[in-house]
Amino acid sequence: MAEDFAKAVEDGLKLAKRIYLGKDKAVMTAPKLPSPPVQGLADYYLPSAPMVYAVISDPRFVDNPDFPSYQPHVYGRCDPPALIPLQMSGVDLEVNCYGDTAFVQISGKWRVHCVMGSHSCDCRIAVPMGNQGSILGVEVDLPKKSYSTELVGLEESKCIEKKARPQDGGFMKPHIFMLTIPQVDGGTNISIKLRWSQKLLYNDGQFTLIVPFSFPEYVTPAVRKISKKEKIQLNVNSGIVTGILCKATSHPLKETKRHAEKFSFLYESEVLTWSKTDFSFTYSVSSSNMFGGVLLQSPPLYDHDQRDMFCVYLLPGSQKSTEVFKKEVVFVIDITNSMQGRPLEATKNAISSAMSKLSPEDSFNIITFSSETSLFSTSMELASKEAIERATTWLSTKSTVEGSTCISIPLEHAYEMLSNTSGSIPMIFLITDGAVEDERNICDQMKKRLKNSGSLCPRIHTFGIGSFCNHYFLRMLAMIGRGEFDAVCDLDLIENRIQKLFSNAFSTVLADITVDAFNDHEQIEVYSSCIPDLSFESPLTICGRYEGSFPDTLKAKGILGDLSSVVMDLKIVRAKDIPLDRVLARQEIDLLTAQAWLSENKQLEQKVAQLSKVTCNISEYTRMVLLEKNKIDKAIESSGAQKVKKTDPHKIEDPLAPRKTLLQSLSVGFGDLTATAENIRPGFEEPKLPDAAEIFLKATSNCCGRMCNRCCCMCCIQCCSKMNDQCAIVLTQIFTALAFIGCIECCTLCCGQNGQ
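Position numbers for residues count from 1 along each chain, tracking the sequence in the order it is written. Two thresholds apply to this predicted model, a pLDDT of at least 70 for residue-level local features and 80 or more for giving and counting side-chain atom pairs, whereas whole-chain, interface and lining totals are computed over all residues. Hydrogens and waters are ignored; side-chain quantities use all the structure's heavy atoms.

As annotated in an unreviewed UniProt entry, the protein chain is VWFA domain-containing protein from Gossypium barbadense.

Set out below in structure tokens:
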């Protein structure tokens, strides 16, 4: 899909050369392409900032809407359609950071500068998002209409008649959201507001925000007299610490306000060209030691759950001298045939890199599995240089094999190997791309085993590849095992993300974390049943709800890398200026969905759906729709006039209600047992549909045993008086396009008689 998109943009830029912009005005040209084309050229045209494209099927209509050039007639159509990037006349970026979460809003103005004023085209919006980005909403304002996105429940989505089409809206890549606005007139100015949330990066006591904000040169208006204003507003409310120090920024920000844990910056300027770099900002916290606190907040009025919210945060500080744990590690790797190619090679590379970072006193082992299990060693091996070299060689010889996916047996082997460890933190890393039938049973069995394992029981870290594995099973398994979960649907990111998972786990500085009030207070609900460990490379947040009064004091206990115990006093703060419901929404939805899947609890599903709708966060139990509002109808309604519209007498319909278009499902689902059993390889892109000729040949191949390749369904009806249902469907679709050439010859070949 990404390659097709890039090719469409490349075609669009070439097509845009037709546009004449006036005698003394610059002509937009396509950027110079690498020659010869290099691998990864697709990324060259993928959006690195919010973009809008004109979808061009008929090149005859490509022209300046203000200065028609009367160019020579163009024959043919663009199939697939070309994408011409629209020119942008203004952009306003506003970012609000709360703790490790950022809410991003970009408002911009684009113009359909490439289509005749007497014609129209679809406009496709592309929204690239930052680290762990989650789309929250899109609003589009046109002269006669307005559009906005909304989340609805699954039952309501079934009532929307229009079938969801891939081109209407969905994810082109996991971090790039696409939305198509239909039939926008040439020369129209489009105002668009985009909203999403993303996570800040954390490293060595510093938070870093990176927002995609690098615009290509060809979106700058060719008419140089047009005012181009670029504005960036940044507000940071850490809610947790004072003494924040700003370290670096990509754009010349000016500080406008500072108060304790809050500060604001502003950048505003007239520019010749739009920003060529992503917006980034880094700030550090003052403490060098690990510390924590608690944020409390009452729920908003629209919240379905009217219990108060709390968020416990723990930060590792910036002291790298903090001792990390001695480790015993077992890598459990899926090598079924679906992992062939990039998934398995990336996994091998990541594991080889992880083993090289183990200390000599650490120990490790590797288990590969499909329908059978294979072990590198019958026992744990010390991470000596020689042992790591042998393991790397052994791993390199492993290739994918046919067979089903069996997770429970290798997981049991890994647990048994780590059941008698002492003086170290045992870790299991499970990497798979498939789903299995006994997932709930696996969770129940591991929960029982880990409950009886005592202090420093094996940690289970899970990593999913693609959408065929059950992300919520892997998340729940990691939650039970006090570990971390991550997943990718973009195969290019596998190695980097697995290495990040390893790095976080290997840098654990506080384990077996408990908060005193959680076990003694029946009115407190913690969404994560087992608190994960604190890593030096990532802050830890624990969220939940409570009734009545919250304890006045709170203490967190844990075990340090030298196996000594530590107790931390947690400062309790009533969060006034932080929308805690929005900050915690993504984490809350993911955790509750995993619990709803495990328990098959319908009430939890409804709770997730309600939370999803009010916070605009995507979930498994909601669907996104595009609302179209006609401003003319609205004006008539406000003037008191009545609009008459013919409707189905059996269907109650408000003629002034917004028109709704159902978009593609944006969630990952709960795995695919069929795809796993068939060893279908993972990938974010859907398989391409066969063209009409392929459909016809496949459909007619079973029509008649004596049928030649050129036979048509009508011929079979005349010859054999039979036609299966598949043929009937194809016939109705493409009957008018068929030319019955060679029917007489065909009938002779099929039935030995001439057709009429």
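Caption draft 1: Just the overall build of the protein chain, in detail. Helix and strand assignments follow DSSP, with helices taken as H or I runs no shorter than four residues and strands as E runs no shorter than two, numbered in order from the N terminus. From N to C terminus, the protein chain includes 19 helices and 34 strands. Working definition: with a 1.4 Å probe on protein chains only, accessible area under 20% of the residue-type maximum means buried, over 50% means exposed, and in between means partly exposed. Sorting the 756 residues of the protein chain into buried and exposed places 52% on the buried side. When contacts within the protein chain are restricted to residue pairs at least 6 apart in sequence, long-range pairs at least 24 apart make up 77% of them. Throughout, the Shrake-Rupley method with a 1.4 Å probe supplies accessible areas, and for residues the shown protein chains are the sole cover considered. When the accessible area of the protein chain is evaluated, it comes to approximately 35,600 Å², of which 50% is carbon and sulfur surface. The contact definition used throughout considers only heavy atoms, calling two residues in contact when any of these lie within 4.5 Å.

Caption draft 2: Looking closely at the environment of Ser 503. Considering the arrangement of structural elements, one finds Ser 503 in helix 9 (residues 494-506). Separated by 32 residues in sequence, Ser 503 and Ser 535 place their C-alpha atoms 9.0 Å apart.

Caption draft 3: The sheet that holds strand 11 (residues 201-203), seen in detail. Ordered by their spatial adjacency, 4 strands build an open sheet running 11-12-17-14, and the pairing between neighbours is antiparallel. Each edge of the open sheet is held by one strand with a lone partner, namely strand 11 and strand 14 (245-249). Along the sheet, successive strands turn relative to each other by an average axial angle of 20°, direction set aside. A strand pair is defined by DSSP finding two or more bridges across the two strands. By the bridge criterion, 6 bridges tie strand 12 (residues 206-211) to strand 17 (residues 279-284) in an arrangement that is antiparallel. Bridging from a neighbouring strand, Ile 210 pairs with Ser 280 of strand 17. What counts as an axis is a line fitted to C-alpha atoms, over the stretch in contact for a helix, and the angles between N-to-C directions run from 0 to 180 degrees.

Caption draft 4: Summary view of the pattern of salt bridges. Each reported salt bridge corresponds to a side-chain nitrogen of Lys or Arg within 4 Å of a carboxyl oxygen of Asp or Glu. The final tally for this structure, using the stated rule, is 35 salt bridges. Asp 58 serves as the salt-bridge partner of Arg 77, at 3.9 Å between the closest nitrogen and oxygen. In this pair, Arg 77 sits in the loop between strand 1 (51-56) and strand 2 (82-85) while Asp 58 sits in the loop between strand 1 and strand 2, placing the two residues 19 residues apart along the sequence. Its salt-bridge partner being Asp 141, residue Lys 631 comes within 2.7 Å of it at the nearest N-O pair. Separated by 490 residues along the polypeptide, Lys 631 in helix 14 (residues 631-639) and Asp 141 in strand 6 (residues 134-141) bring together distant segments of the chain.

Caption draft 5: Focus on the nonpolar core. Judged by nonpolar contacts, the single largest core of 149 residues is most densely connected at Ile 135, Phe 177, Leu 234 and Phe 279. It is helix 8 (residues 471-480) that contributes the most residues to this core, 8 residues altogether. With residues near it in sequence (within four places) discarded, Leu 234 still touches Val 95, Cys 97, Leu 209, Leu 253, Phe 263, Ser 264, Phe 265, Phe 279 and Phe 281. Here, nonpolar core refers to any group of buried Ala, Val, Leu, Ile, Met, Phe, Trp, Tyr and Cys residues whose side-chain atoms link them within 4.5 Å. Formed by 39 residues, the second largest nonpolar core is a distinct cluster that contains Met 339, Leu 358, Phe 376 and Phe 506.

Caption draft 6: Broad picture of unusual backbone geometry. With an omega of 5°, the peptide bond running from Asp 79 to Pro 80 counts as cis. Along the chain, Pro 80 falls in the loop between strand 1 and strand 2. Positive phi, close to 45°, is recorded for Gln 183, a residue that is not glycine. Mapped onto the fold, Gln 183 is located in strand 9 (residues 176-185). One non-glycine residue, Cys 616, lies in positive phi territory at about 65°.

Caption draft 7: Highlighting the pairing of strand 10 (residues 189-199). Where strand 4 (residues 101-111) lies against strand 10, 11 bridges are found, and the strand directions are antiparallel. In the sheet register, Arg 111 faces strand 10, and the bridge partner there is Asn 189.

Caption draft 8: Local environment of the packing of aromatic side chains. Aromatic rings from Phe, Tyr and Trp, with only the six-membered ring used for Trp, were paired whenever their centres fell within 6.5 Å, and each pair was classed as stacked if the ring planes differed by under 30 degrees, edge-to-face if by over 60, and tilted otherwise. Across all of its chains, the model carries 25 aromatic pairs by this definition. Three or more aromatic residues joined by ring pairs make a cluster, and in this case those are Tyr 202, Phe 207, Phe 263, Phe 265, Phe 281 and Tyr 283. Above the ring of Phe 263, the side-chain terminus of Arg 258 is found at 5.1 Å from the ring centroid. In this structure, Arg 582 is placed above the aromatic ring of Phe 103, and the distance from its NZ or CZ to the ring centre is 4.1 Å. Counting as a charge over the ring demands two things of the Lys NZ or Arg CZ atom: a distance within 6 Å of the ring centre and an angle within 35 degrees of the ring normal.

Caption draft 9: Structural detail: the pairing of strand 32 (residues 565-574). The pairing of strand 18 (residues 291-297) with strand 32 spans 4 bridges and is parallel. Counted as the bridge partner of Gly 293 is Lys 571 from strand 32. Here strand 31 (residues 554-560) pairs with strand 32 via 6 bridges, running antiparallel. In the sheet register, Ile 559 faces strand 32, and the bridge partner there is Ser 565. The hairpin turn running from strand 31 into strand 32, its antiparallel successor, is 4 residues long, and Leu 563 in that turn takes a positive phi close to 70°.

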